[in-house]
Structure formats: C-alpha cells, structure tokens
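Chain by chain, the residues run as shown.
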Amino acid sequence: MIANWDMRHDLFVWIRLACILSHNYFIQIPNFRERLIVMAQRQLAAIMFTDIVGYTDVMQSDEDQAVQMRDRHRQVFEETHSQYDGEIIQYFGDGTLSIFASSLQAVRCAITIQQVLQQKPHVPLRIGIHSGDIIRRDHEIIGDSVNIASRIESLAEPGSILISRQLQSQIFNHRIPTKSLGQVDLKNVHQPVEILAIAVDGIKVPEHSQEVHGGSKVINRNSIAILPFVNMSSDENQEYFCDGITEEIINSLSHVDDLKVIARTSVFMFKNKNEDIRKIGKTLNVNSILEGSVRKAGNRLRITSQLVNAGDGSHFWSQKYDREMDDIFSIQDEISLAIVDALKIKLLGEERDKVLKVETQDVAAYDLYLKGQFEWYKRTGSSMLESIRLYEAALDKDPNYVLAKIGVASAYIALCDWGEIKCIEGLPKAKEILDDALGTHPNVAEVYAALAYYDICSWNFEDYYEHYQKSLSLNNKLPFIHHLDTVAHNVLGDFTRAVISSRQARRLDPLSLIFNFAYGHTRYISGKYEVAVDQFNYVLSLDPQFKPAALFGTFSLIQLERGHEALEMLTSILSFEHQSLISEVERCFQKDGISGLLNWIASGGIQFYGRPHNQDYHRAICYALLDQPDEMFVALRSLYDIRSFRLTGFRHNVIFAKYQDDARFQELSDGIGYPI
C-alpha cells in the first residue's frame, strides 16, 4: 500500500508542475480535473470477495446462531487482514470485499481464513480472488476486475478458494498448489475466464460443474455417465454380472480427479429404458456417456462398449473384448483407461494406481461379491440378509477381500438403520468386521465411510467426524459420505451444513431417491415445510411408490394446514399396494379432519417404511402434532430402549421443540449423549 501511495504522490507532483508550465493548454481539455483524479486513484490490486453460504436460511431459523456465525467470520476476517496487510473495503450482510497490494498475501490470507473457519464453530465460507485494475472513489472501488472477482466468488463452494488464471500467474513461483476448473463464461464479462481452485490441505477443491451460479456457467469438459451394461446372454440370471461390471467401472473412474462421474443409483434409473442419449446427458448434466453390453457363455465373455457424445449422440470411441472369464479384471482396466484416454485426461501415477487397483484376484470371490451387490441394491430385509450370505461366501474364497467385508458390515448397519433388526443386535457384528477391515486396509475410503455410518447409527458422534474426514480425504467423490454428513448434521441441528452436504451428494448422484428424500427431510425437521413439500413431490415424480416421501410430504402438508392435499398425498401412495384402505382413510378425514389422518397413521394402518422398528418414530411425530405428549414420549422411549438411530434426530426437530422443557425430553437427550 505504501508503494501505491508513493506512486500516486509522484503523479500529483508531476501533474501540478505541468499545470504551472502549461496552464493555458491544459485547462482547455474537457473534464481535465476529473481525469486527473481518476488517474491518481487507479491502481492494481488483488480483490477478495467472501460470502457465508446458507446464512439466510440460518437467519430465518435461528437468528442468534446466524449472528454468532457472522461475528466469528468478521473477527477472523479482520485478524487475518491485519496479519497479511489487507484493506477491508466493505461489509455487506454476510459478505465482505477487501483488497491487497500483493496477490500472494491475498491468497495466504484466504488460506488462513478457511483453515481457521473449518474449526469449530464452523463457518461455511466461500472465497473468490482476482487481480486487476481498480478505481477508488472515497470508500468504494469499481471496475471490471471487481465484477470478475465477485463472479468468481459466486462459483465457489463452502470451504474453497477460487482464483483467476491472471492471479495464479502472479503466485506461480511460490508453488501454491492449484487445480484448474476450466473456462468460465461470466455474466457481463465478454471473454471466458479460467478458474482455478487452491488445492492446499484442508481447503476444499470443487469439482467441474455445469451448474449455473450467480449468472456464471462453468464449462465442464470432462463428465461421464456409465449406463448399465445390457445383458445379451441367453441366461437372464447373468444380470447381476452386467450390473457389477457397470459399478466397477464407475468406481474405478471416480478416482480420476479431472473427471465427474455420475454415481450408480442415478444411472440405473435408465436401466431397461430406451431413452435418447441427449436427454440422458441433459438430465445427468454430463457431456459423455458410456454404453455397453455383456454376453457370457460358460467361461467365455464378449463385452462391447462405446463412448458417446451426449450433446449430439455421436460415437467417438468403441471397442469389443472377446476373452475368458479369468481376464475380467484386465478388461475393466482397459475400458477405464480407454475412456480416460478418449477424454484426453492425463493420469498422474497415484491416480493411475487407484484406477487400476483390484481388491481381489480370485474370480470366484469376485463373482460372489457381485451377486451380493445385486441383492444389496434390492433394498429389502430379505435381500439384505441374502447379500450378507453372499459376501461371507466371497470371504471364504478370499479372506482379505475388503469390499466383501465392507458389504457385510454395511448390510448389518442398514438393517439396523431401516428397523429390520434391533441396533443392539446388528451393530456389534458390523463393528467387529469393520475393525478387521481397518486393520488390513487402512487406506480405503469405503472402510471409513462404513465406520462413519456405524458411528451415526450407534450414537457415537465423537468418532464420526474423524472417520468422515478420513473417507473424504481418500475419495471425495463418494456420494454416500456426503449423504452421511447430511444425516449427521440433521441430528446435530446444523441444518446449514446438512444442506451443503446434501447438495454435494445430489450433484454426484442426482436421481438418488434416498439422497433427494434426505434433503426434503432436512427441510422438514428445520420447519421449512413449503420447500419440503416441493422436494417430496420431486422424489415422488422419480418414483411414485417411494413411501417415505409420501409420508413426510403428508406431515409437511398437515403442518401447513392443507388437509385436503395431505389426504391426496396419503391416498396416492395407498393406491399402489393398499387400495382397500383408501376408503377407510377418507372416512377418518371426513370425520375428524387432520386429526383423523394423524390418528390413522399412528394406529399403524400401514408400515410406511416396511420396517417394524421404525414405526414408533412416525407415531411420535403424529402424537406431537396431536399435542399428546404422554403418548409421544412413550413412542420415543421405545426407540431409546432398542437404541434406534431414528431417535437421535428428535432433539432438533422443530415439532418436538415445544416439549424441550419436559423432564422426559432432557432425559432422552442426556441418554443419547449429544456432543457439547
């Protein structure tokens, strides 16, 4: 800043001398004095914008928390700017604008801010920095560079720092790691700008995206959806094998940093559907799609695959493989590497190792594992138990097969989560096998994701964050770990963080019923009923028979006192499997209105999740809405007695909030052991 002042001072001296020597000439130039002032106030600077993500939502639900979040942001912001010689230009609501004479100091300041705000109490902040010419007028700055910096900040995600290529060139020699996110078309900026993310440990690096933020669009050159491989075998029972190959290629490619890969659940929404490739690409927001087929006869395999441009449907790579079953791992590696090559992505050594990593060389164990996965994705109580049997059979073939170990543990945890078995019965079995998996494979992201799942379901909140962070550091493209973080922060009452994590999960797996339902549930328990209704309707548009969305959509409409719409949503789900119950529900509503609907649900008219140990959670909600606290606490207590995960969300659910002064409420909270 001193250097800039000296430059302006010298300029004033020169101008004054010139005016004295040539006064009669200069005064004839139009607006001469104003031009001199602008010249004196124009300077080069690094411009930083910051913004607290989700601040408005927090302000609407908890003003005190919002104020604390903003105050912490400002305190850290001011301390770091003093440390790195930054000048704070403006505070506006939950955002800030500042400038630096040095681009390096601006980046170092931003890194420090993010590292501090990642610690508790966490503040979800995004930062954008650009370097360029600015004009100062009193206490404000203007110019194209300010606009560009603002647009860059709008593209960032919580915990990230985005910079322009122009600024990156000024810090290049200081070896601060960055990752290019591609060219960006910025609103009101004529030329595309290349955006880079600071890639220092602890700083989030966003993926490429085509989503529009703040009038800007990131041009994502590398994104792909692997459609389910078609079973061309004469044996229909080989479907599990085709699904397994699809999932293995998805998992392999998820380790490529410069490639966005859509997760399994979303691509399988298009299984056995003759959809136009261009429509699929638009729905999943990708520019490349892989199609394939498998013909399996005895030990012989024929696998075909082709890469398609999702924009125009043209093919730009294809291959056919005629091999023995023993070559299945080599075929999958060849397909993955061919895709990377066709998309012109350069693999680093570590990335290549992850893409080509095979967790077993035993083909028989692998085949049993794929069968287990096939049962797992049916998501019924009986299929989950069958998946455990198949995973264990795979482990008999290869005792070190870590994915099979994770499969067994995850199945037990899911059975507890869904209420098929009691948590006190299933969770110890899951923990035992996860401890074994951790001992043999300490650097597998899925192991830590499963441990984080176990932590949530076993009320072990202290260990959750460590396992979540470790999984994220090993592979941040697992949508399930972001979903778990949504669930965890719903339990802990940090709905801002829950929404952020939900957004990440749904970007990787946009059509997942569970992830989309979880977002609606976040909005429901935080009291955002209008948003919740819209989201549950969206889930039902994906699958009209998804009962949880219909149930909580009904609850949301009841909260909004839209009784007739609640009745319509409830009967819509009954029309698929319980047609005979519709007239009964309608009679209850005609007789007692909304109370009639709630009493019918509480009586156990149907099991909405098909999970017997979850019903008391639904009953507790009904009794809370009916203002029957005694019955509500009986239902909550029954969940406590079986250590049900469903109980843990009650503390921060707004419909239970009016009972928080009841001694029974505090007793349950203390028993769960929420972190302070």
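Because the structure is predicted, anything quoted here is derived from the model rather than measured.

Asker: If you had to explain the overall build of the protein to someone new, which residues and values would you point to?
Answerer: Regarding its fold elements, the protein presents 30 helices and 16 strands. The 676 residues of the protein split such that 55% are buried. Restricting to contacts in the protein with at least 6 residues of sequence separation, those with at least 24 account for 65%. Carbon and sulfur atoms make up 48% of the accessible area of the protein, which totals about 30,100 Å².

Asker: If you had to explain the packing of aromatic side chains to someone new, which residues and values would you point to?
Answerer: Applying the stated rule across the entire model yields 22 aromatic pairs. On the numbers, 6.1 Å between centres and 70 degrees between planes, the contact of Phe-517 with Phe-546 is edge-to-face. Note that Phe-517 is positioned in helix H22 (residues 513-525) and Phe-546 in the loop between helix H23 (529-542) and helix H24 (547-559), a separation of 29 residues in sequence. Comparing Phe-517 with Phe-546, the two get one shared label, buried. Joined through ring pairs, the aromatic side chains of Phe-517, Tyr-524, Tyr-529, Phe-536, Phe-546, Phe-552, Phe-555 and Tyr-617 make up one cluster. In this structure, Arg-264 packs its charged tip against the face of Phe-268, placed 3.9 Å from the ring centre. It is Arg-264 that lies over the ring of Tyr-377; its NZ or CZ is 3.5 Å from the centre.

Asker: Break down the nonpolar core for me, with residues and values.
Answerer: When a protein is soluble and globular, its nonpolar side chains tend to lie buried together. Formed by 161 residues in total, the largest nonpolar core has its most connected members in Ile-339, Tyr-524, Leu-636 and Phe-656. Here this core takes twelve residues from helix H16 (residues 402-417), the largest share from any one element. Other than its neighbours up to four places away in sequence, Ile-339 contacts Ile-224, Ile-226, Ile-249, Leu-253, Leu-290 and Leu-307. Tyr-55, Ala-106, Leu-125 and Leu-196 belong to the second largest nonpolar core, which has 31 residues in total.

Asker: Break down the packing of H16 against helix H18 (residues 445-457) for me, with residues and values.
Answerer: Remark: H16 packs on H18, axes separated minimally by 10 Å, with the N-to-C direction vectors making an angle of 20 degrees. The angle between H16 and H18 places the two elements in the roughly parallel class. The handedness of the crossing between H16 and H18 comes out as left-handed. Contact with H16, carried on its side by Val-402, Ile-406, Ser-410, Ile-413, Ala-414 and Asp-417, involves Glu-446, Val-447, Ala-450, Tyr-453, Tyr-454 and Cys-457 of H18 and no other residues of that element. Its residues assigned to classes, the contact of H16 with H18 comprises nine nonpolar, one polar and two charged.

Asker: Break down the packing of helix H20 (residues 479-492) against H22 for me, citing the residues and quoting the values.
Answerer: Where H20 meets H22, the axes come as close as 10 Å, and the angle between the chain directions of the two elements is 20 degrees. In this view, H20 runs roughly parallel relative to H22, as classed from their interaxial angle. Like other packed secondary-structure pairs, H20 and H22 cross with a definite hand, here left-handed. Contacts between H20 and H22 involve Pro-479, Phe-480, His-483, Thr-486 and Asn-490 from the former and Ile-514, Phe-515, Ala-518, His-521, Thr-522 and Ile-525 from the latter.

Asker: Can you explain the pairing of strand E11 (residues 223-226)? Please cite residues and give values.
Answerer: Taking every second residue as pointing to the same face, both faces of E11 are buried, with Ser-223 and Ala-225 on one and Ile-224 and Ile-226 on the other. Bridge count for E11 against strand E13 (residues 260-261) is two bridges, and the pairing is parallel. For Ser-223, the partnering residue across the bridge sits in E13 and is Lys-260. Here three bridges tie E11 to strand E14 (residues 288-297), and the two strands are oriented parallel to one another.

Asker: Help me get a handle on the environment of Ile-171, residues and values and all.
Answerer: By the element assignment, Ile-171 lies in helix H8 (residues 165-171). Taking the relative accessible area as the measure of exposure, Ile-171 reaches 1% and is therefore buried. Discounting chain neighbours no more than four positions away, the residues touching Ile-171 are Ser-103, Leu-104, Val-107, Ile-163 and Ile-176.

Asker: Talk me through helix H11 (residues 277-284); I want residue IDs and the actual numbers.
Answerer: Of all the positions in H11, only Ile-277, Ile-280, Gly-281 and Leu-284 are classed as buried. Looking straight down H11, one finds its buried side chains confined to an arc of 100 degrees; they lie on one side. In this structure Asp-276 caps H11, since a side-chain oxygen of it lies 2.8 Å from the backbone nitrogen of Arg-278. Looking one or two places after H11, you find Asn-285, whose phi comes out positive at around 60 degrees.

What counts and how
- Residues numbered from 1 in each chain as written.
- Predicted model: local features only at pLDDT ≥ 70, side-chain atom pairs only at ≥ 80, totals over all residues.
- Heavy atoms only, no water.
- Helix = DSSP H or I, 4+ residues; strand = E, 2+ residues; numbered from the N terminus.
- Buried < 20%, exposed > 50% of the residue type's maximum accessible area, 1.4 Å probe, protein only.
- Contact = heavy atoms within 4.5 Å.
- Areas by Shrake-Rupley, 256 points an atom, 1.4 Å probe, with all protein chains shown as cover.
- Phe/Tyr/Trp six-rings, centres within 6.5 Å; stacked < 30°, edge-to-face > 60°.
- Lys NZ or Arg CZ within 6 Å of the ring centre and 35° of its normal.
- Core = buried A, V, L, I, M, F, W, Y, C linked by side-chain atoms within 4.5 Å.
- Axes fitted to C-alpha atoms, helices over the stretch in contact; angles between N-to-C directions.
- Parallel < 35°, antiparallel > 145°, perpendicular 65-115°, else oblique.
- Left-handed = near helix turned anticlockwise from the far one by under 90°.
- Nonpolar A, V, L, I, M, F, W, Y, C, P; charged D, E, K, R; others polar.
- Pairing = 2+ DSSP bridges.
- Arc of directions from axis to C-beta.
- Polar contact = N/O pair within 3.5 Å; in protein donor to acceptor, adjacent residues only side chain to side chain.

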